[in-house]
Amino acid sequence: RNSLTNQIGALRRLETLWLQRTGLVGPFPPGILQLTRLQSLDLSFNNLDTTIPTEVGLLTDLVEMQLQNNSCGGALPSELGQLTELTALNMSVNQLTGSIFTDIGMLANLELLDLSVNRI
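Residues numbered from 1 in each chain as written. Predicted model: local features only at pLDDT ≥ 70, side-chain atom pairs only at ≥ 80, totals over all residues. Heavy atoms only, no water.

## So, the sheet that holds strand S9 (residues 112–114)
We apply this condition: Paired strands, in this sense, are two strands between which DSSP finds at least two bridges. A helix here means a DSSP run of H or I that spans at least four residues, while a strand means a run of E at least two residues long, and both kinds are numbered starting from the N terminus. Axis geometry follows a simple rule: fit a line to the C-alpha atoms, using only the stretch in contact for helices, then measure angles between N-to-C directions, giving values from 0 to 180 degrees.
The parallel open sheet is built from five strands, whose spatial order is S1-S3-S5-S7-S9. Each of the sheet's edge strands pairs with one partner strand only, and the pair in question is strand S1 (16–18) and S9. Averaged over all pairs of adjacent strands, the angle between strand axes in this sheet comes to 10°, irrespective of strand direction. Taken together, the three bridges between S1 and strand S3 (residues 40–42) define a ladder with parallel strand orientation. Of the residues in S3, the one forming a bridge with Trp 18 is Asp 42.

Spelled out as structure tokens, the structure:
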């Protein structure tokens, strides 16, 4: 299944990617970070056990990112502040630690922020 997510990086025009409840395990799929036109990303209810990569800041067209109910750990990268089009960011029920990134004020379009059930 992870080989599929690596191959997805070749779909350069992809705007919506929903892979919730697909049994993804391991690190954040690197192929997804090549989808610079992506507007909606849903990887919720899997078993991603990684930190959120800083390269996620390259996905500047993202409007919605759903990563809830995984095993993501570590701190939220400050590069999330570059996703100024975001209206929904759900990273609840993970193992995130630290504090909320200082550039959160840059997310002026944000309507939903759910970081519950973490260690933030």
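## So, the nonpolar core
What tends to happen in soluble globular proteins is that the nonpolar side chains get buried as a cluster. We count it as follows: Residue types Ala, Val, Leu, Ile, Met, Phe, Trp, Tyr and Cys, when buried and joined through side-chain atoms within 4.5 Å, form a set referred to as a nonpolar core. The classification of residues rests on relative accessible area computed with a 1.4 Å probe and restricted to protein chains. Under 20% of the type maximum is buried, over 50% is exposed, and intermediate values are partly exposed. Whether two residues touch is decided by their heavy atoms; if any such pair falls within 4.5 Å, the residues are in contact.
Among the nonpolar cores identified, the biggest contains 29 residues, and Leu 17, Leu 41, Leu 43, Leu 62, Met 65, Leu 80 and Met 91 are the most heavily contacted of them. Ignoring any residue separated from it by four or fewer positions in sequence, one finds Leu 41 in contact with Leu 17, Phe 28, Ile 32, Leu 62, Glu 64, Met 65 and Gln 66.

## What to know about the side chain of Gln 68
To be explicit about the condition: Any pair of nitrogen or oxygen atoms within 3.5 Å is treated as a polar contact; in protein, a donor-acceptor pairing is required on top of that, and neighbouring residues in sequence qualify only through side-chain atoms on both sides.
Positionally, Gln 68 belongs in the loop between strand S5 (64–66) and strand S6 (73–74). In this structure the side chain of Gln 68 is engaged in a polar contact, spanning 3.5 Å, whose partner is the side chain of Gln 66. Not counting chain neighbours up to four residues away, the residues in contact with Gln 68 comprise Ser 44, Phe 45, Asn 90, Met 91, Ser 92, Val 93 and Asn 94.

## What about the packing of aromatic side chains?
The description of an aromatic ring pair uses the distance of the two centres, along with the angle that the planes make with each other. The following threshold applies: Side-chain rings of Phe, Tyr and Trp, where Trp is taken by its six-membered ring, are said to pair if the distance between their centres is within 6.5 Å; with planes under 30 degrees apart they count as stacked, over 60 as edge-to-face, and otherwise as tilted. Whether a charge sits over a ring depends on NZ of Lys or CZ of Arg being within 6 Å of the ring centre and within 35 degrees of the ring normal.
In this structure the tally under the stated criterion is zero aromatic pairs. It is Arg 21 that lies over the ring of Phe 45; its NZ or CZ is 4.0 Å from the centre.

## Looking at unusual backbone geometry
Within the chain, Asn 69 stands out as a residue other than glycine whose phi angle is a positive 60°. Counting through the fold element by element, Asn 69 comes out in the loop between S5 and S6. With relative accessibility at 26%, the residue Asn 69 sits in the partly exposed group.

## A closer look at the environment of Glu 111
Within the fold, Glu 111 resides in the loop between strand S8 (95–96) and S9. When the C-alpha positions of Glu 111 and Leu 86 are compared, they lie 8.2 Å apart, and in sequence the two are 25 residues distant.

Keep in mind these values describe shape, not function.
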